[in-house]
Structure formats: C-alpha cells, structure tokens
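Take a look at the letters that make up each chain.
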Amino acid sequence: MDDRPVLGLDADDTLWENEVHFRETERRFVELMAPWADGSTTEAALLDTERANVAITGYGVKSFILSMVETAISLSDGAIGAEPISRVLEWGRQMLEAPVALLPDVAETIGTLADAHRLLLITKGDLTDQRRKVDASGLADHFWRIEIVAEKDTPTYRDILGRHGIDATRFVMVGNSVPSDVLPVLEAGGRAIHIPHDLTWALETATDSDIDGHEFPVLRNFGELPALLTGWRDPG
Ligand SMILES: [Mg+2]
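Residues numbered from 1 in each chain as written. Predicted model: local features only at pLDDT ≥ 70, side-chain atom pairs only at ≥ 80, totals over all residues.

**Looking at the domain arrangement of the protein chain**
Right, on to step 1. In terms of domains, the protein chain is made up of domain 1 (6-17 + 100-233) and domain 2 (19-96).
Right, on to step 2. The interface of domain 1 with domain 2 comprises 13 residues on the first partner and 13 residues on the second.
Right, on to step 3. Across the side of domain 1 that touches domain 2, the residue classes tally to five nonpolar, three polar and five charged. (Domains from an automatic or database assignment. Contact = placed C-beta atoms within 7 Å. Nonpolar A, V, L, I, M, F, W, Y, C, P; charged D, E, K, R; others polar.)

**As for the sheet that holds strand β2 (residues 118-124)**
Right, on to step 1. In space, the five strands of this open sheet follow the order β3-β2-β1-β4-β5, with parallel pairing throughout. At either end of the open sheet lies a strand with only one pairing partner, and these are β3 (143-149) and β5 (191-194). Neighbour-to-neighbour, the strand axes of this sheet turn through a mean angle of 20°, independent of strand direction.
Right, on to step 2. In this sheet, β3 lies alongside β2 in parallel orientation, the contact comprising six bridges. When the sheet's bridge partners are listed, Thr123 is paired in β3 with Ile148. (Pairing = 2+ DSSP bridges. Helix = DSSP H or I, 4+ residues; strand = E, 2+ residues; numbered from the N terminus. Axes fitted to C-alpha atoms, helices over the stretch in contact; angles between N-to-C directions.)

**A look at the environment of Arg132**
Right, on to step 1. Mapped onto the secondary structure, Arg132 falls in helix α6 (residues 127-137).
Right, on to step 2. For Arg132, a count of 15 C-beta atoms within 10 Å puts it in the partly exposed group.
Right, on to step 3. Along the chain, Arg132 and Pro99 lie 33 residues apart, while their C-alpha atoms are 9.9 Å from each other. (Buried ≥ 20, exposed ≤ 12 C-beta atoms within 10 Å, placed from the backbone.)

**Section: the nonpolar core**
Right, on to step 1. Counting 31 residues, the largest nonpolar core has Leu7, Leu9, Leu121, Val172 and Val174 as the members making the most contacts within it.
Right, on to step 2. Counting residues per element, the ones that place at least two in this core are β1 (6-9), α5 (106-116), β2, α7 (154-163), β4 (172-175), α8 (178-187), β5 and α10 (225-233).
Right, on to step 3. The contact partners of Val174, leaving out residues within four places of it in the chain, are Leu7, Gly8, Leu9, Asp10, Thr14, Asp181, Ile193, Ile195 and Leu225. (Core = buried A, V, L, I, M, F, W, Y, C linked by C-beta atoms within 7 Å.)

**Some details on the packing of helix α1 (residues 19-32) against helix α4 (residues 82-96)**
Describing two packed helices takes the angle between their axes plus the distance from one axis to the other.
Right, on to step 1. For the pair α1 and α4, interaxial distance at closest approach is 11 Å and the crossing angle is 170°. With respect to α4, the element α1 is oriented roughly antiparallel. Contacts from His21, Thr25, Arg28, Phe29 and Leu32 of α1 reach α4 at Pro84, Arg87, Val88, Trp91 and Met95.
Right, on to step 2. When its residues are assigned to classes, the contact of α1 with α4 shows six nonpolar, two polar and two charged. (Parallel < 35°, antiparallel > 145°, perpendicular 65-115°, else oblique.)

**What to know about the packing of helix α3 (residues 61-75) against α4**
Right, on to step 1. At a minimum axis distance of 10 Å, the contact between α3 and α4 shows a crossing angle of 165°. As summarised for this structure, α3 and α4 are arranged roughly antiparallel, according to the angle between their axes. Note that α3 runs across α4; the crossing there is right-handed. Residue-level contacts link Val61, Ile65, Met68, Val69 and Ala72 of α3 to Pro84, Ile85, Val88, Leu89, Gly92, Met95 and Leu96 of α4.
Right, on to step 2. Classifying every residue of the contact of α3 with α4 by side-chain character gives 11 nonpolar, one polar and no charged. (Left-handed = near helix turned anticlockwise from the far one by under 90°.)

**A few points about α3**
Right, on to step 1. In this model α3 runs 21 Å from its N-terminal to its C-terminal C-alpha over 15 residues, within 8% of the 21 Å that 1.5 Å per residue would give.
Right, on to step 2. Those residues of α3 not exposed but buried are Val61, Phe64, Ile65, Ser67, Met68, Thr71 and Ala72. Buried residues in α3, looked at end-on, bunch into an arc of 165°, giving them a common side.
Right, on to step 3. Against α1, α2 (39-57), α4 and α6 lie the buried residues of α3.
Right, on to step 4. Following α3 by one or two positions, Asp77 adopts a phi angle in the positive range, close to 55°. (Expected span 1.5 Å × (residues − 1). Arc of directions from axis to C-beta.)

This is the structure we're talking about:
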C-alpha cells in the first residue's frame, strides 16, 4: 500500500501562468469600452459583474467572457454592436487555446515532489479548460489524482479528503491563493503553503483580518518546496 503523504497542488498561477491571460484580455476590453467609459469605470464594472456571476456561472474563461459581454452591454446602454461583442468572443476563444506556460522551477521540481508524495491536483474553474491545461502542461503523469471542483472551500476540501481516504493531519496544500488554497485547508485540519504570484485576481486575495490568527509558510517560488517539506517530515 502506498502510504506516502498526499501533497495537494493548485494549478493556475501555482504550476502555470493563468491570470496574465485574463489581465491582457481585460486591457483590450478597457480599450474596447473607451467610447463609453474610462478604464477604472470599466474595470470596476467588470469586477462587479464577475463577482455577481461567480455563484451562477462559476470560475474560468467562459464565465469571464459572459461577464465581459454583460458589462459591455450595460456600460454602453445597449448601444454596443455585434462586431465588438464578436471580438470579445474571439478573445475568449484565444484564451481557451492559449499554450500552457509552466512557472519557474515547476518542471525541475515536480518529479522530486512526486517521488516523496502522492500529488493531488486540486483546481477550480471550467472542467473542459482545466482538463485541457493539465494535458497541455506535460505534467499529468506526475499526478496521483486530479480534482476539478466548483469551489475551493472547507466543505469541498473535507469532501476530497474523505473520498480519497486522506488523513487531514498529514495533508499539505500548496497554492497562490490564500482564500482558496490556504485558509479552507487549515480549517479542514490540514497544513498549507502559500506561494504568491505577482498577478492575483481581486477575488482571490485575502484581507489581513481573514489571515489574522492563521500561520502558514510563504515561499518565494516553487523550487523552495522540497526543502520545506523535507524539514516538516524530518524535523531535525
Ligand atoms: Mg491558483
């Protein structure tokens, strides 16, 4: 029986670039909306729409496209034509076909991690797109299991741990989002490691009061993981 500890890994902006594609498309969207609204108005309106839509359409590129279309119609008071809307749809298609760029140290480190752990990829978002990125990443063979979930909250982590028979006290999760990859895992009885990414979506950032009272290591990059995990396993 394989009793290596289970290491949970987030995917987007932990293993590969993701948010950069959203920022680039948002920049184009701000330009597209310039006849109707200034940049900060467009950005704020889009974020409000995304926040309202998450519960209905979930996370990922397709939800982002719908939110841009909705925001474009609303900011233009319905005056925006089919041509700009079709451009938004085309940007979405490009995002759904974008090559997967691994983050620094991931390719070099993942094999070492997979030797000592059962790697459990836990990502949320659009099922089709997340699967595509796993395949395109070239990392799929390293994962013991892959979970693509609708939301990364405490009940979801408890459910995943339960279904795979994982002891929470031996489980470690790694990711770039404190609200999604760190706090709910601590709440579920596991440990978590934060590896911040320069670009993090507004809805994936935690406030000081969210973090208050929680302790977790923060690493600069993925390459620092094996040493930290070895230290945890063999405290010396
Ligand atoms: Mg992430």
